[in-house]
Amino acid sequence: MISRILKIMIFFTVAAHSSLTAKVGADLTVWGLIDGNAFRNYEAIQDQVVQPSFTLYYFRPFNNVAFRLYYTGTGTAFKNFPQRRFLYQTGGMNGSYSSDESRFSFYWGAELDFRDNEPAYAYYEYHQNSTYFNMKADWHEMTATYGGLSTLSRKYKLLPQFDFREISGFLRQNIYLPTRTTVMGSVTLGRKRFVETVLSDKAVDEVADVTDPEDSRGGNGRGNGQGNGQGNGYGRGGTIAAIPVPTAEIESVYASMQGKSVTRMQLSLRLAQSLTEQTGLAVEVSQNRSLSGQGRYLSYQDGGYEENDLLFDDPYNYDFESIFLELTQILPFSVQLKTGWQGWDKRYYYPAFDMEGNPVYDENRSDQKQSVWIQLSRVFPKIYLFQSTRIFLSYAGFKNRSNDPFYTYSGYVAMFGWQIQI
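Residues numbered from 1 in each chain as written. Predicted model: local features only at pLDDT ≥ 70, side-chain atom pairs only at ≥ 80, totals over all residues. Heavy atoms only, no water.

Colleague: What should I look at first to understand the pattern of salt bridges in this one?
Modeller: Opposite charge on two side chains makes pairing possible when the charged atoms of those side chains draw close. Inspection of every chain in the model, using the stated rule, returns 14 salt bridges. Ionic pairing is found between Lys 157 and Glu 125, a salt bridge with its closest N-O pair at 3.4 Å. Placement of Lys 157 in the loop between β7 (143–156) and β8 (164–177) and of Glu 125 in the loop between β5 (104–117) and β6 (126–140) is noted, with a sequence separation of 32 residues between them. When its relative accessible area of 8% is taken as the criterion, Glu 125 is described as buried. The salt bridge involving Glu 284 is made with Arg 270; its shortest N-O contact spans 2.7 Å. Of this pair, Glu 284 sits in strand β13 (residues 279–290) while Arg 270 sits in strand β12 (residues 261–276); the two residues are 14 residues apart in sequence, bridging distant segments of the chain. One continuous salt-bridge network, built from bridges that share partners, spans Arg 289, Glu 321, Asp 345 and Arg 347. (Salt bridge = Lys/Arg side-chain N within 4 Å of Asp/Glu carboxyl O. Helix = DSSP H or I, 4+ residues; strand = E, 2+ residues; numbered from the N terminus. Buried < 20%, exposed > 50% of the residue type's maximum accessible area, 1.4 Å probe, protein only.)

Below is the structure:
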């Protein structure tokens, strides 16, 4: 891994010296977090998390065309649960083209991503590739149209039943009013197709039960029950984690594997209003609808540190409405303040379960979530070799109410961040 990174750095450096207009740069960001509910479930386990991220890039302009190569490595480490740390690596390229009148612009890119976990949580590991092609048309000083297509293909290390290919497209219209109001309306359509055909919810019976001696938080899974995929579970307090081997399917975890492909549509309307030279307000409403019903999903496990991990909270598996409010204020000394609120109403296409793993009166899971936040940040000018330096300080509180008691929780995240550009 180290030799691969060194080769990338050498290549970027040589490429930069080959042209006076080329540039090699680097960004370093470090987040320090105190998370009051690190795994987003009823146990509300607190942990301290560090997330360093390093980006190395090569940029080259050619008249109306710009080209960029980049590599990013992001780590996530937990103080109390080192077995849950993981590394996310990305390598890619992108480019852009603008017409002479700058009326039409085109953007494209391709990327490879890899996630690596410790052995106890290796079922999160995957690699994926993605591409996109977007455009922007400035028809008039008061209107602009955006559109694009993207593809995504993902393969999991231990869960081939969840390998998928996805294609999505979006169209967005911006209107700029004389009142310093911007109106943005968009529609996104996506279709996901799973690679592997599964004929039964219990394709194989093999289950690997692994006890992690370092994981002493009381157990957060509802067990490996036998039967039709809903199971009876180990209940609360155990430290057993169900880890699938490459050919295994855990019956109580794979509650449904029948779906082969799913389609969804998301609509959003956003209004951004400049109140003063130093103050701005944004309001957005959005709606997500599945057009083909339920896909595949996991249950009985907590998610990874990413709250919207596709294994546990795939937007193809639920409908939602969301409201977003944010106020931005420029304070003295160029300090930027952001504060806001967001609410979601999510209705899943799969059952809610009690703490023993039994369906809750044949109800589908339903969540209502709220989040509030405040963030302070400041950008500092060039200091020695640093092109820019930015400091972040933020606090967010959240609450989720669900008819599935496992996902009824509240918590907070206090963060400090430091970003430098070389």
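Colleague: Just checking my understanding: could you explain a nonpolar patch on the surface for this structure?
Modeller: A surface patch of nonpolar side chains, about 650 Å² in accessible area, is lined by Leu 269, Leu 271, Leu 275, Leu 281, Val 283, Val 285, Ile 323, Leu 325 and Leu 327. Looking at the nonpolar patch, the elements with two or more residues in it are β12, β13 and β14 (318–331). (Patch = residues over 30% accessible without salt bridge, like charges linked within 9 Å, V, L, I, M, F, W, Y side chains within 5 Å. Areas by Shrake-Rupley, 256 points an atom, 1.4 Å probe, with all protein chains shown as cover.)

Colleague: Mind showing me how you'd approach the environment of Ser 366 here?
Modeller: Among the structural elements, Ser 366 can be located in strand β16 (residues 359–380). Taking C-alpha positions, Ser 366 is 5.6 Å from Ser 402, a pair spaced 36 residues apart along the chain. Excluding residues that lie within four positions of it along the chain, Ser 366 makes contacts with Asp 345, Lys 346, Arg 347, Arg 401, Ser 402 and Asn 403. (Contact = heavy atoms within 4.5 Å.)

Colleague: For this particular structure, what's the right way to read the layout of surface pockets?
Modeller: Over the atoms, a rolling probe the size of a water molecule traces out where space has been left empty. Each pocket or cavity is described by its volume, and for the second largest pocket that value is around 310 Å³. Forming the walls of the second largest pocket are 19 residues, and the residues nearest its centre are Ser 150, Glu 166, Ser 168, Thr 188 and Arg 264. Counting only elements with at least two residues in the lining of the second largest pocket, the list comes to β7, β8 and β9 (181–194). For the lining of the second largest pocket, the element with the highest residue contribution is β7, accounting for 5 residues. Residue composition of the lining of the second largest pocket, by class: 7 nonpolar, 8 polar and 4 charged. (1 Å grid on protein atoms, 1.4 Å probe; cavity = no way out; pocket = protein on both sides within 12 Å on 5 of 7 lines; lining within 4 Å. Points joined across faces, edges and corners; volume = space filled by probe spheres on them. Nonpolar A, V, L, I, M, F, W, Y, C, P; charged D, E, K, R; others polar.)

Colleague: In this structure, what is going on with the packing of aromatic side chains? I would like to understand it.
Modeller: By the definition in use, this model includes 20 aromatic pairs. Each ring, one from Phe 39 and one from Phe 78, has its centre 5.7 Å from the other, and the planes form 40 degrees; the classification is tilted. Placement of the pair is Phe 39 in the loop between β1 (23–35) and β2 (47–62) and Phe 78 in strand β3 (residues 65–78), with a sequence separation of 39 residues. By the burial criterion, Phe 39 is buried, and Phe 78 matches it. (Phe/Tyr/Trp six-rings, centres within 6.5 Å; stacked < 30°, edge-to-face > 60°.)

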